[in-house]
Number of protein chains: 2
Amino acid sequence: MAGSSEEKVALVVQNKKVVLRSHVTGFPNEDDMEIMVDTTKLCVPAGMTAVLIKNLYLSCDPWMRFRMSKHEDGGLPPAFVIGEALVNFTVGKVVDSTHPEFNAGDLVWGMSAWEEYTLVTQPESLHKINHTELPLSYYTGVLGMPGLTAYACFFEVGKPKKGDFVFVSAASGAVGQLVGQLAKIAGCYVVGSAGSDEKVSLLKAKFGYDDAFNYKMETDLGAALKRCLPGGIDIYFDNVGGATLDAALLQMRPGGRVAVCGMISQYNLVEPYGLRNLFCIMPKAIRVEGFYFTFYMHVYARFEEEMAGYIKDGKVTVVEDVVEGIDSAPAALIGLFSGKNVGKQLVAIARA
Amino acid sequence: MAGSSEEKVALVVQNKKVVLRSHVTGFPNEDDMEIMVDTTKLCVPAGMTAVLIKNLYLSCDPWMRFRMSKHEDGGLPPAFVIGEALVNFTVGKVVDSTHPEFNAGDLVWGMSAWEEYTLVTQPESLHKINHTELPLSYYTGVLGMPGLTAYACFFEVGKPKKGDFVFVSAASGAVGQLVGQLAKIAGCYVVGSAGSDEKVSLLKAKFGYDDAFNYKMETDLGAALKRCLPGGIDIYFDNVGGATLDAALLQMRPGGRVAVCGMISQYNLVEPYGLRNLFCIMPKAIRVEGFYFTFYMHVYARFEEEMAGYIKDGKVTVVEDVVEGIDSAPAALIGLFSGKNVGKQLVAIARA
């Protein structure tokens, strides 16, 4: 700090973190991560424009799996650095800031790291939390990236019309549970698939799905889709890829839209599933479009207000799967890939 | 004709036709078709609204392969009927008509059959030829379905912007040769692939492609694409599917469009190629959209005028591969699937 005109006196505190031990191929497990304890000075170093936040809630998202692998394609988000804390969305409280838009005490959500305290050096990736009257944890889910994903991928990519027939896979997950409810608000008929009978019940009882099936109990996914949607599918909201996508392609109606939001069935495969039915997008003039939230951040402000309104009006219900303490984070993340979570998976590491 | 108020006296003539002998699996061959001779009365039967046309030019199109197979999916065009003439686009002259929009002597293009005379019972599928000053055969290609396909699939699905990097497969074919020229008109940089050095030369010398490669001489399609388009692809105009589509997906730029117009590499496979790289449409927010001309017939009138103008101004050049006589039609059709044709393949069966 030599040469800085102002020297802050600040506490030094313990900073526990989840770090990547080695890059992953195939199915990840808890041992690919380890808990490390470090220390952090509770102020932004002099001369730096940054925001120091205390992380309250860590979001567990399937896309983190991409970053656990080494990959050469520059188009994907870069791999996590071995020995450093995993990077992902969190909800946090500003401890110190040298950025003009943030002040100590602000509640924020955005790209941070799996540790108790994070020095965010790109504060433009943080967003102030406008609806502090709602549970803060919602900003890891319904009011954060998964919520924006459900909203923008359904409305901007799926382009629903009243009466459309909608199919959603991984339908009880952080994104899927919202898509079903948004589809009902838009006047669609919506069918979901999930990986347990408990989740299937939740879809119908809690999230307003018109029909649902447990894909693990179906020997023929195409037959399940035909049974639930005999007239075909206008919008397939894909969270899983692979065999489900292949089966859904054959059931699409002319002019249908496949909004590809995730492919969780593929993330742990060394050799991805070979998709055989893409040809049918021609005779039916089907659009298959990939979604990535960074392309839709301009929609966030509108989305946040609309979604907060739905929650307050009871039009959107949220199911969260919360584990306590940063030590539980690795298991919670791994659980996503076997469908252990029910609803939005997150880790509470502090309450204020 | 009992009960009809007006009985026409008409010649009865020989009607030679190409009929399907049996439904095809795998690679088709000439013996799947046979030449049959029938007779036709040269008038529309009394009491029927129809148009009798004398076919002049038969169009050979890869999509006919779909209709040579039995298939269960209702979304595809139906299979050809065994023992009946193959159905496809032709250019013809009206011999007799009971439809108010068509008169004897009119020149038309549209859905007819591979025979000398066809009674068209759905005359709404016929279009009057407006530019009789241009070669009539052009209405099987540049001014017919392939032309509309190139135009609408490139502009309406591909949505080119000036400076875009465009890749076209089967680039010297009926559709590809036009896409390259339209891409240059739109101010794009365009690269094509084809299956012989002769075709590659044609792409650069005749159709204005900026660069081109012979895919049969490349051991690594991804490397060929990187060499010709080091900055990536904004629009991939896909005529072939399979391994080329898989390689192109990895080279797409963020926000890119894959306009899927054909998958000729797949039509003769019993087990289609398993596409492994569709996941990359997510991080780059890529749109993959299927094209089928029937969804774009509303564009035809605008297209016909614009394309006729380009031809007359020398901005669009056409290469046709014409064989003479209906007996040559089966071999011409089969030749499409081994890339024997250079340019638009058609069969001239009469000149007037």
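Residues numbered from 1 in each chain as written. Chains lettered and ligands numbered in written order. Predicted model: local features only at pLDDT ≥ 70, side-chain atom pairs only at ≥ 80, totals over all residues. Heavy atoms only, no water.

A.B. asks: Looking at this structure, I do not really get the overall build of chain A. What am I missing?
C.D. replies: Along its length, chain A carries 8 helices and 15 strands. In summary, chain A has a C-alpha radius of gyration of 21 Å against a globular reference of 20 Å for 352 residues, a match within 12%. With the C-alpha coordinates of chain A rotated into their principal frame, the extents come out at 70 × 45 × 35 Å. As displayed, chain A has an accessible area near 13800 Å², and 52% of this comes from carbon and sulfur atoms. Taken together, the 32 basic and 39 acidic charged side chains of chain A have centroids lying 5 Å from each other. (Helix = DSSP H or I, 4+ residues; strand = E, 2+ residues; numbered from the N terminus. Rg over C-alpha atoms; globule rule 2.2 N^0.38 Å. Areas by Shrake-Rupley, 256 points an atom, 1.4 Å probe, with all protein chains shown as cover. Lys, Arg positive; Asp, Glu negative; His and termini not counted. Charge placed at Lys NZ, Arg CZ, Asp CG, Glu CD.)

A.B. asks: Just to check I follow, could you spell out the sheet that holds strand S8 (residues 165-168) of chain A for this structure?
C.D. replies: To summarise the sheet geometry, strands pair through backbone hydrogen bonds and adopt either a parallel or an antiparallel arrangement. An order of S10(A)-S9(A)-S8(A)-S11(A)-S12(A)-S13(A)-S13(B)-S12(B)-S11(B)-S8(B)-S9(B)-S10(B) is seen for the 12 strands of this open sheet, with the pairing classed as mixed. If you trace the sheet from one side to the other, it starts and ends with strand S10 (211-214) of chain A together with strand S10 (211-214) of chain B, each paired once. Within the sheet, the average angular offset between the axes of one strand and its neighbour, ignoring direction, is 15°. Across the face of the sheet, helix H2 (residues 145-158) of chain A comes into contact with S8, strand S11 (233-238), strand S12 (252-260) and strand S13 (287-290) of chain A while running at roughly 145° to S11(A). The strands touched by helix H5 (residues 221-228) of chain B are strand S8 (165-168), strand S9 (189-194), S10 and strand S11 (233-238) of chain B; relative to S10(B), the strand with the most contacts, the crossing angle is about 160°. (Pairing = 2+ DSSP bridges. Axes fitted to C-alpha atoms, helices over the stretch in contact; angles between N-to-C directions. Contact = heavy atoms within 4.5 Å.)

A.B. asks: Just checking my understanding: could you explain the domain arrangement of chain A for this structure?
C.D. replies: One widely used convention gives an interface's size as the accessible area the parts lose upon coming together. All names here are of chain A. When its domains are assigned, chain A resolves into domain 1 (12-141 + 319-348) and domain 2 (145-294). Domain 1 and domain 2 are separated by 28 Å when their C-alpha centres are compared. Of the residues lining the interface, 23 residues belong to domain 1; the matching set on domain 2 comes to 18 residues. The contact between domain 1 and domain 2 buries some 1600 Å² in all, and 66% of this surface belongs to carbon and sulfur atoms. (Domains from an automatic or database assignment. Buried area = accessible area lost by both parts, 1.4 Å probe.)

A.B. asks: Got a minute to help me understand the nonpolar core in this structure?
C.D. replies: Looking at soluble globular proteins, one finds that nonpolar side chains tend to be buried together. A:Leu278, A:Val288, A:Met307, B:Leu278, B:Val288 and B:Met307 are the most contacted members of the largest nonpolar core, which has 214 residues in total. The contact partners of B:Leu278, leaving out residues within four places of it in the chain, are A:Leu245, A:Met263, A:Leu275, A:Val288, B:Leu249 and B:Val288. (Core = buried A, V, L, I, M, F, W, Y, C linked by side-chain atoms within 4.5 Å. Buried < 20%, exposed > 50% of the residue type's maximum accessible area, 1.4 Å probe, protein only.)

A.B. asks: I keep staring at the relation of the copies chain A and chain B and nothing clicks. Help me out?
C.D. replies: Two copies of the chain are present, and they differ by a rotation about an axis and a shift along that axis. Superposition record for chain A on chain B: RMSD 0.0 Å, screw rotation 180°, translation along axis 0.0 Å. Classification of the inter-copy transformation places it as that of a two-fold axis. Minimal C-alpha separation from the rotation axis in chain A is found for A:Gly274, amounting to 1.8 Å. The fraction of interface residues of chain A whose copies in chain B are also interface residues reaches 100%, indicating that both copies meet through the same surface. (Least-squares fit on C-alpha atoms with pLDDT ≥ 70 in both.)

A.B. asks: Help me understand the pattern of salt bridges in this model?
C.D. replies: For side chains bearing opposite charge, pairing can occur when the charged atoms are close. Considering all chains together, one arrives at 32 salt bridges over all chains under this definition. Linking A:Glu156 and A:Arg302 is a salt bridge whose minimum nitrogen-to-oxygen distance equals 3.2 Å. Of the two residues, A:Glu156 is situated in helix H2 and A:Arg302 in helix H7 (residues 300-312); the sequence distance between them amounts to 146 residues. What makes A:Arg302 partly exposed here is its relative accessible area of 44%. A salt bridge links B:Lys344 to B:Asp61; the shortest N-O distance between them is 2.9 Å. Placement of the pair is B:Lys344 in strand S15 (residues 344-348) and B:Asp61 in the loop between strand S3 (51-59) and helix H1 (64-68), with a sequence separation of 283 residues. The exposure class assigned to B:Lys344 is buried, which follows from its relative accessible area of 3%. (Salt bridge = Lys/Arg side-chain N within 4 Å of Asp/Glu carboxyl O.)

A.B. asks: Sorry if this is basic, but what is going on with unusual backbone geometry here?
C.D. replies: For residues other than glycine, phi is negative in most cases, and the peptide bonds are mostly trans. Residue and element names in this part refer to chain A. Located in the positive-phi region is Lys-159, a residue other than glycine, with phi close to 45°. Within the chain, Ala-285 stands out as a residue other than glycine whose phi angle is a positive 50°. Within the fold, Ala-285 resides in the loop between S12 and S13. For Ala-285, a relative accessible area of 12% gives the class buried.

A.B. asks: Is there a simple way to explain the packing of helix H2 (residues 145-158) of chain B against helix H7 (residues 300-312) of chain B in this structure?
C.D. replies: Each pair of packed helices can be summarised by the angle the axes make with each other and by the distance between the axes. Residue and element names in this part refer to chain B. In the contact formed by H2 and H7, the axes pass within 10 Å of each other and the chain directions differ by 105°. Taken together, the axes of H2 and H7 are roughly perpendicular relative to one another. Contacts from Gly-147, Leu-148, Tyr-151 and Glu-156 in H2 reach Tyr-300, Arg-302, Phe-303 and Glu-306 in H7. Of the residues contributing to the contact of H2 with H7, the split by class is 4 nonpolar, 1 polar and 3 charged. (Parallel < 35°, antiparallel > 145°, perpendicular 65-115°, else oblique. Nonpolar A, V, L, I, M, F, W, Y, C, P; charged D, E, K, R; others polar.)

A.B. asks: I keep staring at the pairing of S12(A) and nothing clicks. Help me out?
C.D. replies: As a general feature of sheets, a regular strand has side chains that alternate between the two faces. Residue and element names in this part refer to chain A. By the bridge criterion, 5 bridges tie S11 to S12 in an arrangement that is parallel. For Phe-237, the partnering residue across the bridge sits in S12 and is Ala-259. Taken together, S11, helix H6 (residues 242-250) and S12 form a β-α-β motif whose crossover is right-handed. Relative to S13, S12 runs parallel, the two sharing 4 bridges. When the sheet's bridge partners are listed, Ala-259 is paired in S13 with Glu-289. (Right-handed = clockwise from strand over helix to strand, strands pointing away.)

A.B. asks: Even after reading the chapter, I still don't get the interface of chain A and chain B, so can you show me in this structure?
C.D. replies: On the chain B side, the residues contacting the 33 residues of chain A number 34 residues. Taken together, both faces of the contact between chain A and chain B bury some 2900 Å²; the carbon and sulfur share is 70%. The largest per-residue losses of area from chain A upon contact with chain B belong to A:Arg276, A:Met282 and A:Pro283, which jointly make up 23% of the total buried on that side. Where chain A meets chain B, there are 2 salt bridges. Here A:Arg276 makes a salt bridge to B:Glu271, at a shortest N to O gap of 3.3 Å.

A.B. asks: Sorry if this is basic, but what is going on with the side chain of A:Ser112 here?
C.D. replies: Residue and element names in this part refer to chain A. Its place among the elements puts Ser-112 in strand S5 (residues 107-113). Among the polar contacts listed, one links the side chain of Ser-112 to the side chain of Asn-55, at a separation of 2.9 Å. Apart from the residues lying within four places of it in its own chain, the contact partners of Ser-112 are Ile-53, Asn-55, Leu-86, Val-87, Asn-88, Thr-90, Thr-118 and Val-120. (Polar contact = N/O pair within 3.5 Å; in protein donor to acceptor, adjacent residues only side chain to side chain.)

A.B. asks: Mind showing me how you'd approach the packing of aromatic side chains here?
C.D. replies: One pair of aromatic rings is described through two measures. These are the centre distance and the angle between the planes. All names here are of chain B. According to the stated counting rule, one finds 34 aromatic pairs over all chains in the structure shown. Ring geometry for Tyr-292 against Phe-293: centres 5.3 Å apart, planes inclined by 50°, an arrangement best described as tilted. For the residue pair Tyr-292 and Phe-293, the accessibility class agrees, reading buried in each case. Centroid distance Tyr-300 to Phe-303: 5.5 Å. Interplanar angle 55°. Geometry classified as tilted. Remark: Phe-303 and Tyr-300 occur in helix H7; sequence separation between them is 3 residues, near one turn of the helix. Grouping residues by exposure puts Tyr-300 and Phe-303 together as buried. (Phe/Tyr/Trp six-rings, centres within 6.5 Å; stacked < 30°, edge-to-face > 60°.)

A.B. asks: Even after reading the chapter, I still don't get the environment of B:Thr244, so can you show me in this structure?
C.D. replies: Residue and element names in this part refer to chain B. Note on placement: Thr-244 falls in helix H6 (residues 242-251). In this structure Thr-244 comes out as buried when scored by relative accessible area, which is 12%. Look past the residues within four positions of Thr-244 in its chain and what remains in contact with it is Phe-167, Ser-169, Leu-221 and Tyr-236.

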